[in-house]
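# Breakdown of the fold
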Amino acid sequence: MNFCTIQDFTGIHSEQPFMQELRERANVYWMDCTNISGTDCYCDDDAQAEIRKMMDQAADRITANNDAGFTGIHFFDNGNYHYMSKLWTDRVNEDFDLVIFDHHPDMQPPRFEGILSCGGWVKEVLDNNKFIRNVVLIGVADHLIEEIKNEPSAEFEKYASRVTFIPETLLRTPNFDISQVALAALRSSNLYISIDKDTLSIDDVVTNWDQGSLTFEQLENILKNLFAHRKILGVDICGERARNQDFPEGIDEGSADATNNALNKKIFSLLDVL
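Residues numbered from 1 in each chain as written. Predicted model: local features only at pLDDT ≥ 70, side-chain atom pairs only at ≥ 80, totals over all residues. Heavy atoms only, no water.

### Topic: the pattern of salt bridges
Applying the stated rule across the entire model yields 14 salt bridges. Asp90 is paired through a salt bridge with Lys86; the nearest N and O atoms lie 3.0 Å apart. By relative accessible area, Lys86 is classed as buried at 11%. One salt bridge in this structure joins Arg241 and Glu253, with 3.6 Å as the shortest N-O distance. With Arg241 in the loop between β10 (231-238) and α9 (253-273) and Glu253 in helix α9, the pair connects residues that are twelve residues apart, well separated along the chain. Overall, the relative accessible area of 2% leaves Arg241 in the buried class. Look at Glu253 and you get partly exposed, because its relative accessible area is 43%. Several salt bridges share partner residues, and in doing so they unite Arg52, Lys86 and Asp90 into one network. (Salt bridge = Lys/Arg side-chain N within 4 Å of Asp/Glu carboxyl O. Buried < 20%, exposed > 50% of the residue type's maximum accessible area, 1.4 Å probe, protein only. Helix = DSSP H or I, 4+ residues; strand = E, 2+ residues; numbered from the N terminus.)

Structure follows, in structure tokens:
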């Protein structure tokens, strides 16, 4: 079994039966982040320092239980904490590409200068990680791609040569081979994968952000192809529901939790055998 970390920021993972099952396994490291302030959407310097200490504590076990260079499988709550992928990729010490499944580009300029955010972490990786070669974003809403390209403060022209979008509309195009387009954009033999489940349709998961239309079958096929053709350095998963959120018509908290619990099990079971 691959080493896995579970970072619980809101307490949601503590309520999920599958996560509690994982918690009992020897190769799973539970990180209780519920008492760390300054983490919701934005992660300030003090919070980063506390989180990095927890990550350091997991590092020895990761090294002992995985192939060299593999940082593990990481679950970390809802999309407000997607910036954790920036902190995990900071630990990569060799050239790599980054494939991101997300309904949002996460390349917004910081609202508060110098503060890491869930909406701008990709930009932070491109600005500060010397090992990143290319970023491939799969499933981003078409209109958000246009917005980020046309927003002067985003300075997209600085990043255009190192960012490849596979927009949401292409996911619905018959016979469009997502895997081949993604693989063709990669420039390194090493690959890091980050999954925000909001790129998936409401039939597969219920998240706290507007969602895309990727199916689990598409996600599964892409992951299998990426694993077959690249050395994988780590896989991140976020996109749980939020506390006290409103649900679409016909969905309540109980059904959302059952759907999300089942999806986490499917994703982990897939990754654990790849």
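### Observations concerning unusual backbone geometry
For Cys41, which is not glycine, the phi dihedral falls at a positive 75°. A positive phi angle is found at Asp77, which is not glycine, with a value near 65°. Inspection of the secondary structure assignment puts Asp77 in the loop between β4 (73-75) and α3 (84-89). Note on Asp77: relative accessible area 0%, which makes it buried.

### Some points on helix α5 (residues 142-150)
Taken residue by residue, α5 has Leu144, Ile145 and Ile148 as its buried positions. Considered in projection along α5, the buried side chains sweep an arc of 105° and stay on one side of the axis. (Arc of directions from axis to C-beta.)

### Notes on the nonpolar core
If you look at the biggest cluster of nonpolar residues, it comprises 47 residues, and the most contacted ones within it are Tyr83, Met84, Leu98, Met107 and Phe165. The element best represented in this core is helix α2 (residues 45-65), accounting for six residues. Those residues within four positions of Phe165 in sequence are excluded, and the remaining contacts are Pro105, Met107, Leu137, Val140, Ile145, Ile148, Lys149 and Phe156. Core analysis: the second largest hydrophobic core is formed by 41 residues, Phe101, Val205, Ile222 and Leu263 among them. (Core = buried A, V, L, I, M, F, W, Y, C linked by side-chain atoms within 4.5 Å. Contact = heavy atoms within 4.5 Å.)

### Thoughts on the sheet that holds β4
Paired through backbone hydrogen bonds, the strands of a sheet run either parallel or antiparallel to each other. Spatial strand order, β2-β1-β4-β10-β9-β5-β7-β8: eight strands in an open sheet with parallel pairing. Each edge of the sheet is formed by a strand with only one pairing partner; in this case those strands are β2 (28-32) and β8 (163-166). The sheet shows a mean angle of 15° between the axes of neighbouring strands, taken without regard to direction. For strand β5 (residues 96-101) and strand β9 (residues 190-196), the ladder comprises five bridges, and the chain directions are parallel. In the strand pairing of β9, Ile100 is matched with Ser194. Packed on one face of the sheet, helix α8 (residues 216-229) meets β5, β7 (132-138), β9 and β10 and runs near 165° to β9. (Pairing = 2+ DSSP bridges. Axes fitted to C-alpha atoms, helices over the stretch in contact; angles between N-to-C directions.)

### Here we look at the side chain of His74
Tracing the sequence through the fold places His74 in strand β4. Note on His74: relative accessible area 0%, which makes it buried. Engagement of the side chain of His74 in a polar contact is seen with the side chain of Asp236, the distance being 2.6 Å. If we ignore the near neighbours within four places in the chain, the residues touching His74 are Thr5, Trp88, Tyr192, Val235, Asp236 and Ile237. (Polar contact = N/O pair within 3.5 Å; in protein donor to acceptor, adjacent residues only side chain to side chain.)

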